[in-house]
Amino acid sequence: MRKTRAKRRQVEPDPRFHDEQVARFVNALMRRGKKTVASRIFYQTIERIQEISKEDGLEVWKKAIDNLQPVVEVRSRRIGGANFQIPTEVRPSRRQALAFKWLILYAKERNGKSMVEKLAAETIAASKGEGAAFKKKEDVHKMAEANKAFAHFRV
């Protein structure tokens, strides 16, 4: 290996829920360094989820994140002049990062008034096993299942 591995930064838990996972999500949601805006969007989303679902907003959000975390994904590998899609397990930190990324991406693509509304709707859908973000996870799993024959090429 040429260089040392990057050190994993410790993220301070968020002030309201004292949860590191929430702090990481707010960081993923943040654009152009505007953390205050990102945290306000997140907290309003949690409140909106409580209004809509009549359940604890943070619990619904955590369930949505758990539902979106992929177990396997495919990685391209060149072997003998051909590219193969090789199914590999996803490490826990990447699982969480992908879940965050998909939730935010597909919430943005939804049609709604504000990011709060869109993120709340996508989160509720994901917690029920529906929505575009959940479909993305299912597609990733299907792709890995379809390429199971190439699993022996795993590094």
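Structure: above.
Because the structure is a prediction, the values reported are computed rather than measured.

### A word on the environment of Glu 130
Along the chain, Glu 130 falls in the loop between helix H5 (115–127) and helix H6 (131–146). In this structure, the C-alpha to C-alpha distance between Glu 130 and Leu 68, residues 62 residues apart in sequence, is 10.0 Å.

### A few points about the packing of aromatic side chains
According to the stated counting rule, one finds seven aromatic pairs in the structure shown. Geometrically, the ring pair formed by Phe 25 and Trp 61 is edge-to-face, given 5.2 Å between the ring centres and 70° between the ring planes. Remark: Trp 61 occurs in helix H3 (residues 57–68) and Phe 25 occurs in helix H1 (residues 20–29); sequence separation between them is 36 residues. The pair formed by Phe 25 and Trp 61 is uniform in burial state, with each residue classed as buried. Consider the rings of Phe 25 and Phe 100, whose centres lie 5.2 Å apart with planes at 80°: the pair is edge-to-face. Here Phe 25 is found in helix H1, whereas its partner Phe 100 is found in helix H4 (residues 92–109), with 75 residues between them in sequence. Joined through ring pairs, the aromatic side chains of Phe 17, Phe 25, Phe 42, Tyr 43, Trp 61 and Phe 100 make up one cluster. Lying over the aromatic face of Tyr 43, Arg 16 brings its terminal NZ or CZ to 4.1 Å of the ring centre.

Quick notes on the rules
- Per chain, the residues get numbers from 1 upward, laid out in the order the sequence is written.
- For a predicted model such as this one, the threshold for reporting local features is a pLDDT of at least 70, and the threshold for listing and counting side-chain atom pairs is 80 or more; totals across whole chains, interfaces and linings nevertheless cover every residue.
- In computing side-chain properties, one takes all heavy atoms of the structure into account and sets aside hydrogens as well as water.
- Numbering of helices and strands starts at the N terminus; helices are DSSP runs of H or I of at least 4 residues and strands are runs of E of at least 2.
- A pair of aromatic rings is counted whenever rings of Phe, Tyr or Trp (Trp by its six-membered ring) have centres within 6.5 Å, and the orientation is called stacked for planes under 30 degrees apart, edge-to-face for over 60 and tilted otherwise.
- Each residue is assigned to one of three classes by its accessible area relative to the maximum for its type, calculated with a 1.4 Å probe on protein chains only: buried under 20%, partly exposed between the two thresholds, exposed over 50%.
- Here, a charge over a ring is recorded when the distance from Lys NZ or Arg CZ to the ring centre is within 6 Å and its angle to the ring normal is within 35 degrees.

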